[in-house]
Amino acid sequence: MIKKYSIKELLDRGKFFINKKVLVEGWIRSFRYSIFITLNDGSTIKNLQIILSKKLEKKITIGTSIKVIGIIKKSIGKKQYIELQSLNITIYGYSDPYFLQKSILQPKKHSLEKLRSQSHLRFRTSIFSCVMRIRHHIAFCIHQYFHENGFFYLHTPIITTSNCEGSGEMFQITTMDLKKNSIDYTKDFFKRKTYLSVSGQLEAETAALGLGKVYTFGPVFRAENSNTSRHLSEFWMIEPEIAFYHLEENINLAEDFLKYIIKYILDKSMEDLSFLNENFKKYKCSKKETNSLSLFERLELILKFPFKRISYTEVIKILDKEEKKQNIKFFHSIIWGMNLQSEHEQYLVNKYFKIPVIVFDYPSCIKAFYMRINNDGKTVKAMDILLPEIGEVIGGSQREERYEILLQRIKDTNTDKNKLWWYLDTRRFGSVPHSGFGLGFDRLVQFVTGMNNIRDVIPYPRTPNNAEF
Ligand code: 4AD
Ligand code: MG
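This is a predicted model, so every value here is computed, not measured.

With that out of the way, let us pick up empty space enclosed by the protein. Counted under the stated rule, the structure contains two cavities of 30 Å³ or more. One number sums up the size of the second largest cavity: a volume of about 50 Å³. In terms of lining, the second largest cavity is formed by Thr-160, Ser-162, Cys-164, Ser-197, Val-198, Ser-199, Leu-202, Glu-203 and Trp-422. Class assignment for the residues of the lining of the second largest cavity results in four nonpolar, four polar and one charged.

Another point: the domain arrangement of the chain. When cut into domains, the chain gives domain 1 (7–104) and domain 2 (124–456). Put simply, the middle of domain 1 and the middle of domain 2, counted by C-alpha atoms, are 43 Å apart. Each partner contributes to the interface: domain 1 provides 11 residues, whereas domain 2 provides eight residues. Buried area between domain 1 and domain 2, summed over both chains or domains, comes out near 870 Å², and the portion from carbon and sulfur atoms is 47%. Connecting domain 1 to domain 2 are one salt bridge. Across the salt bridge formed by Lys-46 and Glu-271, the nearest N and O atoms sit 3.2 Å from each other. There are five residue pairs in polar contact (both at pLDDT 80 or more) connecting domain 1 and domain 2. When contributions to the side of domain 1 that touches domain 2 are tallied by element, the ones reaching two or more residues are β1 (21–32) and α3 (97–103). Among the residues forming the side of domain 1 that touches domain 2, the class breakdown is four nonpolar, five polar and two charged.

Another aspect to go through is the site of ligand 1. Neighbouring ligand 1 are 25 residues, the closest being Glu-165, Gln-201, Arg-222, Glu-239 and Glu-392. Measuring from a nitrogen atom of ligand 1, one finds a backbone N or O atom of Phe-437 at 3.5 Å. Protein coverage of the free-state accessible area of ligand 1, which is 630 Å², stands at 93%. Elements supplying a minimum of two residues to the shell around ligand 1: β11 (234–243), β15 (391–398) and β16 (434–440). Looking at the shell around ligand 1 residue by residue, the class counts come to nine nonpolar, eight polar and eight charged.

What follows concerns the sheet that holds strand β8 (residues 172–173). Within the open sheet, the three strands sit side by side as β7-β9-β8. Their pairing is antiparallel. Both outer strands of the open sheet, β7 (159–160) and β8, are each paired with one neighbouring strand and no more. In this structure, β7 lies alongside strand β9 (residues 194–196), joined through two bridges in antiparallel fashion. When the sheet's bridge partners are listed, Ile-159 is paired in β9 with Leu-196.

This brings us to the environment of Val-445. Take Val-445: it is sitting in helix α14 (residues 441–449). Among the residues examined, Val-445 registers a relative accessible area of 0% and is labelled buried. Val-445 sits 145 residues away from Glu-300 along the chain, and the two C-alpha atoms are 15 Å apart. The contact partners of Val-445, leaving out residues within four places of it in the chain, are Val-131, Arg-135, Ile-138 and Val-457.

Okay, the nonpolar core next. A general trend in soluble globular proteins is that nonpolar side chains are found buried together. With 64 residues, the main nonpolar core has Ile-138, Ile-142, Ile-385 and Leu-439 as its most contacted residues. Those residues in contact with Leu-439 that sit more than four places away from it in its chain are Ile-142, Trp-236, Met-237, Ile-238, Phe-257, Leu-258, Ile-261, Val-393, Ile-394 and Leu-444. In this structure, Tyr-347, Ile-355, Leu-406 and Ile-410 belong to the second largest nonpolar core, which totals 38 residues.

Moving on, we get to the state of the cysteines. Every disulfide links exactly two cysteines, by a covalent bond between their sulfur atoms. Scanning all chains against the criterion turns up zero disulfides. Here Cys-164 stays unpaired: no disulfide links it, and the sulfur of Cys-365, its closest cysteine neighbor, is 18 Å away.

Our focus in this paragraph is the pattern of salt bridges. The tally for this structure, following the rule as stated, stands at 23 salt bridges. With a shortest N-O distance of 3.3 Å, Asp-384 and Lys-367 are connected by a salt bridge. Taken together, the residues Asp-384 in strand β14 (residues 379–387) and Lys-367 in the loop between β13 (357–363) and β14 connect sequence positions 17 residues apart. In this structure, Asp-384 and Lys-367 share a single accessibility class: buried. For the salt bridge of Asp-425 with Arg-428, the shortest nitrogen-to-oxygen distance reads 2.7 Å. A network of salt bridges, in which partner residues are shared, links Glu-205, Glu-241, Arg-399 and Arg-427.

Conventions we followed
Starting from 1, residues in each chain are numbered consecutively following that chain's sequence as written. To label them, take the chains in the order written and letter them from A, then take the ligands in the order written and number them from 1. With the structure being a predicted model, the display of local features is reserved for residues of pLDDT at least 70 and the display and counting of side-chain atom pairs for 80 or more, all residues being used for whole-chain, interface and lining totals. To get the side-chain values, all heavy atoms of the structure are used, and hydrogens and water are removed first. Using protein atoms alone on a 1 Å grid, points that fit a 1.4 Å probe yet trap it form a cavity, whereas open point sets bounded by protein on both sides within 12 Å along at least five of seven lines form a pocket; residues with an atom within 4 Å of a point count as lining. Grid points are joined across faces, edges and corners, and a volume is the space filled by probe spheres set on the points. Residues are grouped as follows: nonpolar covers Ala, Val, Leu, Ile, Met, Phe, Trp, Tyr, Cys and Pro; charged covers Asp, Glu, Lys and Arg; every other residue, Gly included, is treated as polar. Each domain's extent was defined by an automatic or database domain assignment. Note on contacts: a residue pair qualifies if any of its non-hydrogen atoms lie within 4.5 Å across the two residues. When two components associate, each loses some accessible surface as probed by a 1.4 Å sphere; the sum of these losses over both components is called the buried area. The working definition used for a salt bridge is a side-chain nitrogen of Lys or Arg within 4 Å of a carboxyl oxygen of Asp or Glu. Here a polar contact is recorded for every N or O atom pair within 3.5 Å, except that within protein the pair must consist of a potential hydrogen donor and a potential acceptor, and residues adjacent in sequence are included only if both atoms are side-chain atoms. Only runs of H or I of at least four residues qualify as helices and only runs of E of at least two qualify as strands under DSSP, and these elements are numbered from the N terminus. What makes a residue near a molecule or strand is one non-hydrogen atom of that residue sitting within 4 Å of it. Residue burial considers only the protein chains on display, and all accessible areas are found by Shrake-Rupley using a 1.4 Å probe. At least two bridges found by DSSP between two strands is the condition for calling them paired. Burial status follows relative accessibility: with a 1.4 Å probe on protein chains alone, a residue under 20% of its type maximum counts as buried, one over 50% as exposed, and anything between as partly exposed. Buried Ala, Val, Leu, Ile, Met, Phe, Trp, Tyr and Cys residues form a nonpolar core when they are joined through side-chain atoms within 4.5 Å. Two cysteine sulfurs form what is called a disulfide whenever their separation falls within 2.5 Å.

Next comes the structure, spelled out in structure tokens:
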């Protein structure tokens, strides 16, 4: 039996394979002079050059899938170190070249959009396969980080009765016949109204208050009608939760965690990043501002300096001052108590501090019920991490561990306390200070890969009006 290798294995250890007989399989990326094939199998951005011993009788097209048995030789060409001299070639399936030919190499902005209508074929393109490989490596190193730091991976339920974040719509799930006029949910599958969860935090808190350090990594669902380049209706979130942790420790953890991921990817995904960097330069940097950063510079910026830490109240003062100095005119006016809009976040990160920013101590009126109230009675121990271009990537807080105060917050925010009896219970059985945060996985992948639209970093995006595949 001739041994099968991935193209990555062959190219990574080229010298070792010279004069060896190997088997490779993949899809044709180009076919020139009737004897030169470049083959890709998804294992790497790089292609393997194949030299046919004689011209093929049938015309083969880009995208055709083949098996080749041949001998690895040192390449005469300068582009590659090794090539495969084919002894035998088998064609698995022909392909309509039209679609793939246009988009396989470096799709432009508008063709990325078009590619979304062919999500099932996107995996064949250079750009999307780069993004998917990097997505994998980020997920892997997230598990590694937590494992190395004594966290336990917790699987929280996807089906829930409560809305952890309190705001925004949830997707309801039911097995009832919705054509009926009146629906009695006590007769539904779970004998109550249920939804797809927006966050695993509340359950993660209960686990942290026994296991110490836990994290979740799973899909969450939000039915808000946000048609932006940073919102998905189904996205992946990582939520660490730690007992005996105060807000500052939580912030330290979040910064260390983000830096670890960026370092890991710069170390492990150089080839894919280089491809994306070229793409980024072509379609982003040159157009907007001449001094805008390359993808590498943007990633290195994360590692170079400590993130700027600043309270919400200070942020409002800065934004107000900047507007008065006429350095900027915001669409939404600056009032203490308002939600920071994307334009404010962008100004703060891209123009004012020019490094990632951590904003803490937000007004309680714009944050969820579970955040710990500060002594001023007006602000909560919340923190958001803002990155260049994409804005908020992490949202977290120290949790309210005092039973009476938590109960009052639940009432004040019109949250149904009956659904949360089990959550409240944790404050009656050895309550402790604890903290956690949620990292938007897809937004992070967007930041690392420099993709403009979050829909281009997830295999099958779910957004308003869109769930085809
Ligand atoms: O700020 P959020 O809503 O926080 C929570 O859900 C908390 N329960 C987290 C916690 O403390 N355990 O969401 C966390 C992050 C955001 O910072 C953002 O990066 C991402 O999730 N996110 C989205 N990503 C894509 N599409 C959406 N619609 C998103 N909404 C939030
Ligand atoms: Mg948030």
